[in-house]
Amino acid sequence: MFAFYIRNQTNVRRMHTAVKLNGVVLNKSQDAQLVLLNMPGPPKSKKGDENYGVPRESSPFITNADMDKGIIYEGKNMALFEEEMDSNPMVSSLLNKLANYTNLTQGVIEHEADEDSKRREIKAPRMGTFIGVYLPCLQNILGVILFLRLTWIVGTAGVLESFIIVFMCCACTMLTAISMSAIATNGVVPAGGSYYMISRSLGPEFGGAVGLCFYLGTTFAGAMYILGTIEILLTYISPSAAIFKSEDGGEAEAMLNNMRVYGTCIIALMAIVVFVGVKYVNKLALVFLACVILSIIAIYAGVIKTAFDPPDFRICLLGNRTLSRRNFDTCAKFTKIDNKTETTRLWRLFCDSALLNATCDEYFSLNNVTEIQGIPGVSSGVLIDNLWSTYSDKGSVVEKRELPSLTGTEETKVAGLPYVFTDIMTFFTMLVGIYFPSVTGIMAGSNRSGDLKDAQKSIPTGTILAISTTSFIYLSCIVLFGACIEGVILRDKFGEAVNGNLVIGTLAWPSPWVIVIGSFFSTCGAGLQSLTGAPRLLQAISRDGIVPFLHVFGHGKANGEPTWALLLTACICEIGILIASLDSVAPILSMFFLMCYMFVNLACAVQTLLRTPNWRPRFKFYHWTLSFLGMSLCLALMFICSWYYALIAMVIAGCIYKYIEYRGAEKEWGDGIRGLSLNAARYALLRVEAGHPHTKNWRPQVLVLLNLDSEQLVKHPRLLSFTSQLKAGKGLTIVGSVLQGIYLDKCVEVQKAEENVKSLMAIEKTKGFCQIVVSPSLRDGVSHLIQSAGLGGMKHNTVLMAWPQSWKLTDNPFSWKNFVDTVRETTAAQQALLVAKNIDLFPANQERFSEGNIDVWWIVHDGGMLMLLPFLLRQHKVWRKCKMRIFTVAQMDDNSIQMKKDLQMFLYHLRLNAEVEVVEMFENDISAFTYEKTLVMEQRSQMLKQMQLSKNEREREAQLIHDRNTASHSAAVVQANAAAAAPERVQMTWTKEKLVSEKHKNKETNLTGFKDIFNLKAPPFTLLWDAPSIPASQHSQAVLVPQYGKKKTTPPPPPPPPPNF
């Protein structure tokens, strides 16, 4: 017993030590408020758990004499979770923090530290909220989509619909950040980030499936960033660097080929940089961050400047069609040179010659060329024109619909003319898929919780502030772009109308090159970070051992660098490069990120609803409704972006889930799915307990009684084989056994027995529960199992056991008595009893019968169970090709033909296929046999009551049984010889007259007669249901016989050969 009162931090730590080690504190506190008696501790960590290998305190005793020793616990890791509690050097300078800024995931710095002895000795200063969470999230969220596609999205969808797109995506990430903050503050998030959170909350199956999807999303994100880098390089920085040139209108195809070639080279270069050492990437982290921040500042500065001095970017329109200014410089049809009217280069592009009387394009001839300001400024009122969407088909011309135009009598071909065309068909849902990657990156803070000074505070604050900041930037940019830039320029994806400039760069101040250079380095840095983080995510999954075929990717260099994972990441990233279209890659990674965020919300909602004791996040501003809303929004966005991509992503995740469930290593992480399963099981048990099962739902719920040897191994493994064949994984199966002794002395043997039984159940594919009972006597233990096995409505209704083999041994005189008691107790419990004789000769699960019969001797009406058992057996592959035969008996005066028809009709209504045989017998034989069989069954089922009979009665019945068996064995040879000639009537061994005469014979005491009842021999594959065996026919595999009623019932006998008693 110990008592404690929480006063200060020291008492809390000492309390935890005592609880953690199951110790006993000897002294009592005078002001004790809580007293715990014999309190068990938490389950011990096993290999594979995240707490495995954590050192425990050496002694559980903290007494007054040992107070001084309590000092050793100060500053140690004694919290409920392994937070970083050791002291860290204080950093007072912001410049010093910026000098140590990194955007790499947790674990990368530790790998590099092994290469540098100085970094092993001097620990890097811990980071706060601003440096450790806010800036990395800001850098990851603001990326390539902002610089390359946001203006195009605004121009295509309009300001209103673009606002809706951005608001939905930002709301999704904000709700996910709230859920993520709750999970991240419920413990430390090591390397793996979101994978760790999901797997420890929802289990290894969900964690592995979603973790691999998040890995694929991160990898494809790297491909998207690289494609963005190449697009900036070849379109806006150095168009002449293109290897493939556009010929005969193949500009788009040439651009894709350039993307593939340059992308392969860049990804190889980046992989080499990451392989050599991520410290070089780390040194450039501040440069990449500065590029992002300066680009955002330049955009806002340019917006402010347009209010009083808009930049001069003029666009040329032919009618209302936008012209590409890559191939001409003068926006006019004619120009005057030395008072002469000369045609311009634009004229020669639309006409067949430079002469004034040349044949020109009809639309060119009917419409005038005008030039308008591309960026009229924030006060121009262009926002009204850009409010509504302008979706178009692939290959259509970008038009300013407010201007008049003449189309002519015939539709003219526009291919090959210097118009600005749309490269893809646009619609709302497609734009959602393209935009969503721009709001990802919210995990940057949680992935690096070990590097933070106070992760419990920094992760929620920094992440939510970063999402709020970026959401404001995106939403404000949508409004500002629509208010400052002309609509045709916004819809011009590659800036062809503004001399090939980056559209967002035309708005920036002081120069468009600020945005071009800044976005180039920003996308390069994001690509490097993806190639750095994705392999470590794969390494974390591989080292958990939940996906066997990924085990090789858990290895790497001596310092822990994931070499093989990096190689696989580069290969997968190359697939995205070969797609070569940023607009096609973006929806793919949107699916994977949305699935990850959906399960983060699900994890938080499940943990909150289950109210598990372990769920104590320090972040309090969460609710399960917010998590459920975020999960629903993620699922909706998946199908909004692309329903077929969503289905493919779900199929991939589902396949990984089933693979981990089937082949993955068993992990016990205390996940929420297990708690959810327990709650569901409790609810189902309460529902089942409410009412009795209907006849239609009845099936044998089996309690299998096993015998164990001295090594705690199962004596009859085929009993479990037969169970799996009978149950086929359906219904309830409880495998029980009894160890004789005292539980305190048999604890180790019980664990060993459970392990052996469970391993055998796995081998025999028997799905069920194992229950080992320790009892002073085997009889009491079996009785306890029959009475108490199961829970609530999930209790057994059938007991399956093997025929006792050791009852004849002189050193075990009570074996037969235990068996008889088991029979009587199952009868008292109103349960069916299946006794399998010669169980070791039963077929294994791997055997297959090509032919054979399952014979049912239907003598008394049992409610249909004898019909059900062979039907269940035939569902298994072992017995599937066996036929079912039903035997019944009739008197000579009965109408056997009608009885057969009635029984066939009965089987037809039961929907069972079986052959029916009616055996005719004389009345005196039936009555004599009935009396004999009834006597045997009565004596067997009431063996315990024989001890209460008088001496004369006991001797008389024992002698009768002995004489009967003797006569039965002697007649067996004669019957075997006469088997070839079928008798016209069944000759029984006993008659009433002989039975009466035997009553007055020898009166000597001979209790061995009780044992002779069990000297029953059956052929292979004989199934007994609370009855002696009936020999099967030559092709029989199983014979089912019902239990007879009381003494005065008259069940008819089977046909020859007679039973061997």
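See above for the structure.
Residues numbered from 1 in each chain as written. Predicted model: local features only at pLDDT ≥ 70, side-chain atom pairs only at ≥ 80, totals over all residues. Heavy atoms only, no water.

1. Considering the overall build of the protein chain
No. 1: Scanning the protein chain for helices and strands turns up 34 helices and 17 strands.
No. 2: Relative to its 1061 residues, the protein chain shows a buried fraction of 51%.
No. 3: If you take every contact in the protein chain between residues at least 6 apart in sequence, the share linking residues at least 24 apart comes to 80%.
No. 4: Total accessible area on the protein chain is roughly 50,400 Å²; 58% of this is exposed by carbon and sulfur atoms. (Helix = DSSP H or I, 4+ residues; strand = E, 2+ residues; numbered from the N terminus. Buried < 20%, exposed > 50% of the residue type's maximum accessible area, 1.4 Å probe, protein only. Contact = heavy atoms within 4.5 Å. Areas by Shrake-Rupley, 256 points an atom, 1.4 Å probe, with all protein chains shown as cover.)

2. Some thoughts on helix α30 (residues 896–909)
No. 1: Between its terminal C-alpha atoms α30 stretches 20 Å, which fits the 20 Å expected from 14 residues at 1.5 Å a residue.
No. 2: For α30, the set of buried residues is Ser896, Leu903 and Leu907. Buried residues along α30 cover an arc of 40° about the axis, so they all sit on one side. Those residues of α30 that are exposed and angled more than 90 degrees off the buried face are Ile897, Tyr908 and His909.
No. 3: Where the residues of α30 are buried, they touch α29 (865–873), β14 (883–891) and β15 (915–921).
No. 4: Once α30 finishes, Arg911 follows within two positions and takes phi at roughly 60°, a positive value. (Expected span 1.5 Å × (residues − 1). Arc of directions from axis to C-beta.)

3. Looking at a positive patch on the surface
No. 1: A cluster of basic residues, Lys765, Arg848, Lys877 and Arg880, forms a positive patch at the surface.
No. 2: Here Lys765 is to be found in the loop between α26 (743–763) and β10 (769–775). (Patch = residues over 30% accessible without salt bridge, like charges linked within 9 Å, V, L, I, M, F, W, Y side chains within 5 Å. Salt bridge = Lys/Arg side-chain N within 4 Å of Asp/Glu carboxyl O. Lys, Arg positive; Asp, Glu negative; His and termini not counted. Charge placed at Lys NZ, Arg CZ, Asp CG, Glu CD.)

4. With respect to the pairing of strand β5 (residues 334–337)
No. 1: For β5 and strand β6 (residues 340–343), the ladder comprises four bridges, and the chain directions are antiparallel. Opposite Lys336, over in β6, you have Thr341 as the bridge partner.
No. 2: Joining the antiparallel neighbours β5 and β6 is a turn of two residues, in which Asp338 adopts a positive phi near 55°. (Pairing = 2+ DSSP bridges.)

5. Examining the nonpolar core
No. 1: Met224, Tyr435, Phe436, Met443, Tyr474 and Phe481 are the most contacted members of the largest nonpolar core, which totals 165 residues.
No. 2: For Phe436, the residues in contact, after removing those within four places along its chain, are Cys169, Cys172, Ser590, Phe593, Leu594, Tyr597 and Leu637.
No. 3: Listed in part, the 35 residues of the second largest apolar core include Val702, Val750, Val757 and Ala836. (Core = buried A, V, L, I, M, F, W, Y, C linked by side-chain atoms within 4.5 Å.)

6. Side note on the sheet that holds strand β4 (residues 321–322)
No. 1: Read across the open sheet, the three strands follow the order β4-β3-β7; overall the sheet is antiparallel. The strands lining the two open edges of the sheet, one partner per strand, are β4 and β7 (369–373).
No. 2: As paired strands, strand β3 (residues 314–318) and β4 are joined by two bridges and run antiparallel to one another. If you follow Leu317 over to β4, its bridge partner there is Thr322.

7. Topic: the pattern of salt bridges
No. 1: As enumerated under the stated definition, the model contains 18 salt bridges in all.
No. 2: Lys493 serves as the salt-bridge partner of Asp423, at 3.0 Å between the closest nitrogen and oxygen. Of the two residues, Asp423 sits in the loop between β7 and α15 (428–435) while Lys493 sits in the loop between α17 (487–490) and α18 (503–507), which places them 70 residues apart along the sequence.
No. 3: Judged by relative accessible area, Lys493 falls into the buried class, the value being 6%.

8. Details of helix α16 (residues 455–484)
No. 1: The end-to-end C-alpha distance of α16, which contains 30 residues, comes to 42 Å, matching closely the 44 Å that a straight helix rising 1.5 Å per residue would cover.
No. 2: Taking burial as the measure, the 30 residues of α16 include 21 buried ones, the bulk of the element.

9. Some details on the state of the cysteines
Simply put, disulfide is the name for a covalent bond between the sulfur atoms of two cysteines.
No. 1: A complete count under the given rule lists two disulfides for this structure.
No. 2: Covalent S-S linkage joins Cys316 and Cys331, the inter-sulfur distance amounting to 1.9 Å. Taking the sign of the torsion about the S-S bond as the criterion, the disulfide between Cys316 and Cys331, at about 85°, is right-handed. A residue pair is termed long-range when its members are at least 10 positions apart, and Cys316 in strand β3 and Cys331 in the loop between β4 and β5 qualify at 15 residues.
No. 3: Overall, Cys316 belongs to the buried group, its relative accessible area being 0%.
No. 4: Across the disulfide from Cys351 sits Cys360; the S-S distance is 1.7 Å. (Disulfide = S-S within 2.5 Å.)

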